[in-house]
Every structure is written in structure tokens, then in C-alpha cells.
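Here is how the chains run, residue by residue.
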Amino acid sequence: MLSTLASLTVTALQAKLRAREVSPREALDALAARIDAVDGRLRGYLSTDLEYARRAAESADVTLPLGGVPIAVKDVVSVAGQPCGCASKILAGYRAPFDATAIARLRAAGAIPFGRTNMDEFAMGSSTENSAFQLTRNPWDLSRVPGGSSGGSAAVVAADTAFAALGTDTGGSIRQPAALCGCVGLKPSYGRVSRYGLVAFASSLDQIGPLTKTVADAALLLGVMAGRDPLDSTSLDAPVPDYAAAVRDFSIKGARIGLPKEYFVSGIDPQVEAAVRAAVAHYAKLGAEIVEVSLPHTEYAVAVYYIIATAEASANLARFDGVRYGHRAADTNGLLEHYGRTRAEGFGPEVKRRIILGTYVLSSGYYDAYYLRAQKVRTLMRQDFEKAFAQCDALICPTSPVPAFKLGERTADPLAMYLADIFTIAANLAGICGVSLPGGFAKAADDGDRELPIGVQLLGPAFAEEKLLGIAHAFEQTTDWHQRRPALG
Ligand code: GLN
């Protein structure tokens, strides 16, 4: 009973809570028991606050849209009173004094943010191995990575140690771990969800979004979090549709799905490519129209991203100076040494690499050659998407070129790690929305019996989440990939 309760989707749990078949306290206890049983091996959580969660569960109003539903939160989104360390030593001991707007909205809808999930330090990475604290393992194969940077959030959802989790996506960090762990990950359009209270990595790319067991759950959470926020001037003042209802009512017949030819190039694992092609065939069978489209500037995406994201990160991370919050170097002599030693001690190697790279591309001699040109190519990439979306409602492609890789396999080679995002980063550069959903399984090369999830990615125009989720839902409703659960071995 306990473990079956923990495996419910948010939608199913909410129905049971509302019907008073289950109390919020019982749901939380089932989840806590599951975490106890499994998280020692998985290590998806940095910390949990079950005491607070129990109190919140006792007084939860189950008539609210998420009344009594516990939610896990990536360690980069502020929850008042809880640690918000971005999996970095530099924020050791820091607790958020306020709620991010996304959290405030979830709480107002009755949700209970109870746990902090592991991540790559400051969301920089694709495997969660850059966490300063612990390795999170992939629930489908404990010798593999869960993806990143929201690897903790993906792992806990896939392992049924969370009903749903929040992640953040700057270049793929919701979608890629969702793909590697076999859950649904939604990156909303830039400006759809307030970034207030999200510790900034690259402010023009970052978005908060849900990792869930189903598309319907992603729609439910998005609907609660989305909308204009006076505390984030980049949040758009556009009406928030009832995503959950839109998803239910969507008809796939006649939807046009674009196949970007640049996304099917050499280097993709053949099993991943086969799964995506099978998904395309499935859509055709459901009555969608498949059109080939071109995104000619795709080849520049990784280079452009690692200029713009590092430039913004170098400016955003300047605030961690040992004066305001977190770690402070001991016994320093003067201000400069204080800054230098605090940052040398507090940041890990990947974060340092990016601060140096970002400072370099913004320096006066190189600004025009790198940063400015990257911004121009970014515009061309956005225009590519605009042209493609004139011909179709959504694009389909792989989320990640490969299934989950082994722990340690790519840590020595930052470039190999950066290529994990080759199919996800263009969406952030263009500000559009994207979702990864379970679309098949690959056999592991070194262990033929081992099955690893494959993610299919759908990309939609900015602020077209309704249709994007509708198209994703149509696939999910007619396939059963999302119903499989890992054996946790
Ligand atoms: N993996 C990418 C990076 O390392 C994307 C990270 C993210 O989306 N936060 O920057």
C-alpha cells in the first residue's frame, strides 16, 4: 500500500486526497517511507524538511488544486526557511529568507515544498557530478548518471521518491535529465514562469519548470506557476490558459509536426534515433501531418550557448563574495584577498572554468569578437525557429544524443559533457518551450539486459505550451513507455 501510494501521479494523488480516500499525512508518510528505503542508494535529495511537511500536511486544504501534494525542489530555487545552496560550498549554511514566486504560487495552491534535490553546482553541468556534495545515481542503472543539471529532481521522480519536482533549464537541464531518467520534463517559454527567487545562472536563458511522471501533471504544475510577476520584469503579462484542461481536450488530428533535418546527424546513438523515428511514425498514425523543416544555424548552438551562458554567469556569480551570504574565508588580509580566497575555496572547478571563460568573452578586446557575434547568431537561430514554426505546430527530435552514460565517463572532458546538450540548448537561446517525454528504451552496450530510457523532445513556439503539451499528451496516451518503473538495481 505504502509504496503504491508513493508511485501515484500528482493528478491521481490529488483525486484521492480530494475524495478523502487518503489523507495528506498518509501520502507524506508513504513518500517518506519510500525515501527511507531508496534514497540511500540514489542520493537524489540533499536534504528534506519532513517536520515542516508534516505540519503543512495536517492543515492542508485538499480542495485546492495541489492541496496536500508534497513537491521536491531543485536546490537553486528559494523556499523560505530551507537551505538554498545550489549544491555549492560557497553557499554553505545559507537558508532562503523568502519564497521564489513559483514556490509562493505552489504553496498558495496547497503544495508542500519539502525537499532539496541535488544538482550540478549552480546548474552548470549535464550529469549532476558537479555537485559539491554527492553523486546522484540513475534509478535505471546505479552505475550511470541521472543527467543534469536537475539530476536530483529527475531521479527522485523516476524512483517514486517524489510525486513531482521542480527543476531549472538554462540549456537543457530539465529536459536532458528527464530523458535519461525516463520522466517528463517541461521547459516553459522564457518569461512564462517568474524567475524571482531562482538563483541566477544565465538570466536570459534560465526558466523554472516541472519534472513529472506524466504530461498531465506537467500541465497542472505549469498552470499554477505561470503568469506575470511584478517581481520579475522579464515575466510576460499574458493570460495563463487552463493547461490541464487544454491537454485533455486536445485533438492530434491534423496537427503538423516538423522534423528538423539538422537534428538527425551522425553521432546520435542508433537506438535513440530509432526511437525518435518510431515516435514520428506513431504521430503519423495518430493523424498528425509530418513535415520536414530546416534549422540551418543549429551547428552553432553549442558555441553560442557557451559564450552567452558563461558571460552571464560571470556577472551573476560576482555576488558570491563572502560578504553577503554563505562561505567566508578565514583570516584574510584585506578585501581583495578576502574575495579571492572565499571564491577559490567556495567554487568548484566547473564554476571557476565558466567564470573565467565568461570574463574573457566580455573583456574589452574580445567582446566584439565573441559576445557580440554570439548574440547575432542567437538572433539568426531565433529566426530559424520562427520560419520553421510557420510550417508546423511543434518540432520533434531527440532530447539527448545518447542514453544515460556511466558515472565518471565524461568528467575528464568538459567538451564531451557540453555536447550532451546539443539538442536542448537552441530552445533556450530562442526562448521557446520544449518538453521531453519517455519514448522508448535502449539496451546498454556493456550490459545487454539493462534497459535505459530514451527521451523524445518536442519543441513549440514561445507561449504555445498548450498545444505543445497537447501534442505530448496524445503520444503518452497511446504509448506505455511512461508506465515502466526502474528496478533500482
Ligand atoms: N548542461 C548545460 C550547462 O552545463 C545546461 C545547464 C542548465 O540547463 N542549467 O550549462
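The structure this text deals with has already been given above.
Scope of this entry: the structure provided in the associated data block.

## Description of the sheet that holds strand E3 (residues 112-117)
(1) Moving on: With mixed pairing, the 11 strands of this open sheet are ordered in space as E1-E3-E2-E4-E6-E5-E10-E11-E9-E7-E8. Each edge of the sheet is formed by a strand with only one pairing partner; in this case those strands are strand E1 (45-48) and strand E8 (289-293). The sheet shows a mean angle of 30° between the axes of neighbouring strands, taken without regard to direction.
(2) Moving on: Direction of pairing for strand E2 (residues 70-74) relative to strand E4 (residues 165-169): parallel, over a ladder of 2 bridges. In the strand pairing of E4, Ala-72 is matched with Ala-165.
(3) Moving on: Where helix H10 (residues 270-286) meets the sheet, it contacts strand E7 (256-260), E8, strand E9 (394-398), strand E10 (433-444) and strand E11 (447-460), and its direction lies at approximately 150° from that of E9.

## Details of the state of the cysteines
(1) Moving on: If you walk through the whole model with that rule in mind, you get 0 disulfides.
(2) Moving on: Sulfur of Cys-86: no disulfide; nearest cysteine sulfur belongs to Cys-84 and is 4.8 Å away.
(3) Moving on: Judged by its relative accessible area of 0%, Cys-86 falls in the buried class.
(4) Moving on: With no disulfide of its own, Cys-397 lies closest to Cys-392 among cysteine sulfurs, the gap being 11 Å.

## Describing a nonpolar patch on the surface
(1) Moving on: A surface patch of nonpolar side chains, amounting to about 280 Å² of accessible area, comprises Tyr-360, Tyr-366 and Tyr-370.
(2) Moving on: Mapped onto the elements of the fold, Tyr-370 is located in helix H14 (residues 367-389).
(3) Moving on: The exposure class of Tyr-370 is partly exposed, given its relative accessible area of 34%.

## Considering the site of the ligand
(1) Moving on: Of all residues adjacent to the ligand, which total 15 residues, the nearest are Gly-171, Ser-173, Tyr-305, Arg-354 and Asp-421.
(2) Moving on: Here an oxygen atom of the ligand sits 2.6 Å away from a polar atom, N or O, in the side chain of Ser-173.
(3) Moving on: Protein chains shield 100% of the accessible area of the ligand, which is 290 Å² for the free molecule.
(4) Moving on: A breakdown of the residues in the shell around the ligand according to their chemical character gives 5 nonpolar, 7 polar and 3 charged.

## Quick look at unusual backbone geometry
(1) Moving on: Residue Gly-148 is joined to Ser-149 through a cis peptide bond whose omega torsion reads 10°.
(2) Moving on: Its place among the elements puts Ser-149 in the loop between E3 and helix H6 (151-158).
(3) Moving on: Its identity is not glycine, yet Arg-43 carries a phi of approximately 55°, on the positive side.
(4) Moving on: Take Arg-43: it is sitting in the loop between helix H3 (24-42) and E1.
(5) Moving on: Even without glycine at this site, Ala-87 takes up a positive phi of about 50°.
(6) Moving on: Its place among the elements puts Ala-87 in the loop between E2 and helix H5 (101-108).
(7) Moving on: A residue is classified by how much of its surface remains accessible, and Ala-87, at 0% relative accessible area, is buried.

## So, the packing of aromatic side chains
(1) Moving on: Summed over all chains, the structure comprises 18 aromatic pairs.
(2) Moving on: Measuring from centroid to centroid gives 5.0 Å for Phe-122 and Phe-320, while their planes differ by 45°, and the two rings are tilted. With Phe-122 in the loop between E3 and H6 and Phe-320 in the loop between helix H11 (301-316) and helix H12 (335-346), the pair connects residues that are 198 residues apart, well separated along the chain. Accessibility assignment for this pair places Phe-122 and Phe-320 in one class, buried.
(3) Moving on: In this structure, Arg-277 is placed above the aromatic ring of Phe-264, and the distance from its NZ or CZ to the ring centre is 4.5 Å.
(4) Moving on: Sitting over the ring of Phe-405, Arg-410 keeps its end group 4.5 Å from the ring centre.

## Concerning the pattern of salt bridges
(1) Moving on: The final tally for this structure, using the stated rule, is 23 salt bridges.
(2) Moving on: For Arg-341, the salt bridge identified is with Glu-337, shortest N-O distance 2.9 Å. In this pair, Arg-341 and Glu-337 both sit in helix H12, 4 residues apart, roughly one turn of the helix.
(3) Moving on: For Arg-341, a relative accessible area of 29% corresponds to the partly exposed category.
(4) Moving on: For Arg-354, the salt bridge is made with Glu-350, and the minimal N-O distance between the two is 2.7 Å. Separated by 4 residues within a single helix, Arg-354 and Glu-350 lie in helix H13 (residues 349-362), roughly one turn from each other. Each member of the pair, Arg-354 together with Glu-350, is buried.
(5) Moving on: If you follow the salt bridges from partner to partner, you end up with Arg-25, Asp-29, Arg-54 and Glu-58 in one network.

Thresholds applied
- Residues numbered from 1 in each chain as written.
- Predicted model: local features only at pLDDT ≥ 70, side-chain atom pairs only at ≥ 80, totals over all residues.
- Heavy atoms only, no water.
- Pairing = 2+ DSSP bridges.
- Helix = DSSP H or I, 4+ residues; strand = E, 2+ residues; numbered from the N terminus.
- Axes fitted to C-alpha atoms, helices over the stretch in contact; angles between N-to-C directions.
- Contact = heavy atoms within 4.5 Å.
- Disulfide = S-S within 2.5 Å.
- Buried < 20%, exposed > 50% of the residue type's maximum accessible area, 1.4 Å probe, protein only.
- Patch = residues over 30% accessible without salt bridge, like charges linked within 9 Å, V, L, I, M, F, W, Y side chains within 5 Å.
- Areas by Shrake-Rupley, 256 points an atom, 1.4 Å probe, with all protein chains shown as cover.
- Salt bridge = Lys/Arg side-chain N within 4 Å of Asp/Glu carboxyl O.
- Near = heavy atom within 4 Å.
- Polar contact = N/O pair within 3.5 Å; in protein donor to acceptor, adjacent residues only side chain to side chain.
- Nonpolar A, V, L, I, M, F, W, Y, C, P; charged D, E, K, R; others polar.
- Phe/Tyr/Trp six-rings, centres within 6.5 Å; stacked < 30°, edge-to-face > 60°.
- Lys NZ or Arg CZ within 6 Å of the ring centre and 35° of its normal.

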